[in-house]
Amino acid sequence: MYTPEYPPPQSRYVAAIEAIRNKLSEHDKTVLRFQFERPGRAVTSQDIRDHLGCSSIGRSNLVYGSLGKKLAAALPMQTEPEGAKRTRYWKSISTGDGSGDHFIWIMRPELANALVETGLVDSANDGLAMVDVDIHAISYAAVEGRRKLVQHLVRERNQALVALKKASVSNHACEICGFDSMQTYGEDYCEVHHLTPLAQLDDDAETTLDDLAIVCANCHRIIHLVTPPMGINELRARIAR
């Protein structure tokens, strides 16, 4: 039985997809293609709601969870420990990132590759293609900070930018103190910090990957204890002392 900590290999995902291909609804296929084609292969429940025209976030969560349940049963994959109150079937599809404004689902690479192999998606539309080519050679930007109705959509786009930043580095050790959660806890976790706080912008502005830093939760909290936020070099100097 596979688990989120020990996920199925690509070959197992291929076999599972073939086994349930006839059970996948058009909504299921649309969701898989949509997430595969998003920047960083990352989506929020709000993204799915808007793309499918669902009546609510609860409905889009139900669609995503139902798809995850079909996949989990076919793999098979136990998405939560035995006896857990929640099943979180989405873990058969994605890993999760709750560090931003909205929880974001990032498609498991084993599943993404299996979708290509089984022909359910077109590799030419891979949302991670820019990362696979050379994340340091491209310039990716997102407009942020607008004080108007479209801000909601802009913030969701920022979550894809956060996912791309995390995908652009070889490990998620804090750029300030060097803390690595994988080595300490066996869990891969980090946060992404804007070097220029959005609150300091006079108007909307573009944010590139170079404008973001990988930080641990502790350093991120210390940075924002003061207004304006502390610079990362200043915090490095404090730690060195």
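Structural data are supplied above this passage.
Numbering of residues starts from 1 in each chain and follows the order in which that chain's sequence is written. Only residues with pLDDT of at least 70 get local features here, since the model is predicted, and only at 80 or more are side-chain atom pairs given and counted; chain-wide, interface and lining totals rely on the full set of residues. Each side-chain value is worked out from all heavy atoms of the structure, with water and hydrogens disregarded.

A. Looking closely at the overall build of the chain. Secondary structure assignment for the chain yields 10 helices and seven strands. Within the chain, the proportion of its 241 residues that are buried is 44%. Only heavy atoms enter the contact rule, under which two residues are in contact if any of them lie within 4.5 Å. The long-range share in the chain, meaning contacts at least 24 apart out of those at least 6 apart in sequence, stands at 66%. When the accessible area of the chain is evaluated, it comes to approximately 13000 Å², of which 49% is carbon and sulfur surface. The numbering of helices and of strands both runs from the N terminus, where a helix is a DSSP run of H or I of at least 4 residues and a strand a run of E of at least 2. Only protein chains enter the calculation, and the probe is 1.4 Å; a residue is then buried if its accessible area is under 20% of its type maximum, exposed if over 50%, and partly exposed in between. Using a 1.4 Å probe, accessible areas were evaluated by the Shrake-Rupley method; residue-level cover was limited to the displayed protein chains.

B. Representation of the packing of aromatic side chains in the model. Pairing of aromatic side chains requires ring centres within 6.5 Å, counting the rings of Phe and Tyr and the six-membered ring of Trp. Pairs whose planes differ by under 30 degrees are stacked, by over 60 edge-to-face, and all others tilted. One pass over the full model with this rule turns up three aromatic pairs. For the ring pair tryptophan 90 and phenylalanine 103, a centre distance of 5.4 Å and an interplane angle of 65° mean the geometry is edge-to-face. With a gap of 13 residues between them, tryptophan 90 in the loop between α4 (57-74) and β2 (94-97) and phenylalanine 103 in the loop between β2 and β3 (104-107) connect regions that are remote in the sequence. For phenylalanine 103, a relative accessible area of 40% translates into the label partly exposed.

C. Molecular detail of the pattern of salt bridges. Salt bridges, as used here, are contacts in which a Lys or Arg side-chain nitrogen is within 4 Å of a carboxyl oxygen on Asp or Glu. Going through the model one piece at a time under the given rule, you end up with 10 salt bridges. Between aspartate 28 and lysine 70 there is a salt bridge whose closest N-O contact spans 2.6 Å. Residue aspartate 28 is found in helix α2 (residues 26-37), and its partner lysine 70 is found in helix α4; the two are separated by 42 residues along the sequence. Here lysine 70 falls in the partly exposed class, since its relative accessible area comes to 26%. Its salt-bridge partner being glutamate 234, residue arginine 238 comes within 3.6 Å of it at the nearest N-O pair.

D. Main features of the layout of surface pockets. A 1.4 Å probe that fits into a set of points on a 1 Å grid over the protein atoms alone but cannot get out defines a cavity; an open set with protein on both sides within 12 Å along at least five of seven lines defines a pocket, and lining residues are those with an atom within 4 Å of a point. Grid points are joined across faces, edges and corners, and a volume is the space filled by probe spheres set on the points. Taken as a whole, the largest pocket spans an internal volume of roughly 1100 Å³. What lines the largest pocket is a set of 30 residues, among which Thr95, Gly96, Arg108, His172 and Asp188 lie closest to the centre. Sorting the residues of the lining of the largest pocket by element identifies β2, β3, α5 (109-117) and α7 (151-167) as the ones contributing at least two each. In this classification, the charged set is Asp, Glu, Lys and Arg, the nonpolar set is Ala, Val, Leu, Ile, Met, Phe, Trp, Tyr, Cys and Pro, and all remaining amino acids, among them Gly, are polar. Within the lining of the largest pocket, the residues separate by chemical class into 14 nonpolar, seven polar and nine charged.

E. Region of interest: the packing of helix α1 (residues 10-20) against α5. Here, axes are lines fitted to C-alpha atoms. For helices the fit covers the stretch in contact, and angles between N-to-C directions go from 0 to 180 degrees. Where α1 meets α5, the closest approach of the two axes is 8 Å, and the angle between their N-to-C directions is 55°. Between α1 and α5, the crossing angle belongs to the class labelled oblique. The crossing of α1 and α5 is right-handed. Touching Gln10, Tyr13, Val14 and Ile17 of α1 are Glu110, Leu111, Asn113, Ala114, Leu115 and Glu117, all from α5. When the residues that make up the contact of α1 with α5 are grouped by side-chain class, the tally is six nonpolar, two polar and two charged. Throughout, the term roughly parallel applies to angles under 35 degrees, roughly antiparallel to angles over 145, roughly perpendicular to angles from 65 to 115, and oblique to all others. Each crossing gets its handedness from the near helix: less than a right angle anticlockwise from the far helix is left-handed, clockwise is right-handed.

F. Just the side chain of arginine 38, in detail. Position of arginine 38 relative to the elements: it lies in the loop between α2 and β1 (42-44). Separated by 3.4 Å, the side chain of arginine 38 and the backbone oxygen of alanine 42 make a polar contact. For the purposes of these results, a polar contact is taken to be a pair of N or O atoms within 3.5 Å, where, inside protein, one atom must be able to donate a hydrogen and its partner to accept one; residues adjacent in sequence count only when each atom of the pair is a side-chain atom.

G. Layout of the nonpolar core. Formed by 31 residues in total, the largest nonpolar core has its most connected members in Leu71, Leu111 and Leu115. Looking at this core, the elements that each hand over two or more residues are α1, α2, α3 (45-52), α4, β3 and α5. Of all hydrophobic cores here, the second largest spans 10 residues; its members include Cys174, Val215, Cys219 and Met230. Within this scheme, the nonpolar core is defined by two criteria: the residues are buried Ala, Val, Leu, Ile, Met, Phe, Trp, Tyr or Cys, and they are joined through side-chain atoms within 4.5 Å.

H. Up close: the packing of α3 against α4. At a closest axis distance of 8 Å, the pairing of α3 and α4 adopts a crossing angle of 95°. Considering the angle they form, α3 stands roughly perpendicular to α4. Contacts from Ser45, Gln46, Ile48, Arg49 and Leu52 of α3 reach α4 at Ile57, Ser60, Asn61, Val63 and Tyr64.

I. Focus on α1. Taken together, the buried positions of α1 are Tyr13, Val14, Ala16, Ile17 and Ile20. Seen along its axis, α1 keeps its buried residues to an arc of 165°; they face one direction. Every exposed residue of α1 that faces more than 90 degrees away from the buried side is listed here: Ser11 and Ala19. Arc, as used here, means the arc of the directions from the helix axis to the C-beta atoms.

J. Structural context of empty space enclosed by the protein. Overall, the coordinates contain one cavity of 30 Å³ or more when judged by the stated rule. Space inside the largest cavity adds up to approximately 40 Å³. Forming the boundary of the largest cavity are Ile17, Ile20, Leu24, Leu32, Leu67, Leu71, Leu111 and Leu115. The set of elements that each furnish at least two residues to the lining of the largest cavity consists of α1, α4 and α5. Partitioned by chemical class, the residues of the lining of the largest cavity number eight nonpolar, no polar and no charged.

Worth remembering: the numbers are spatial, not functional.
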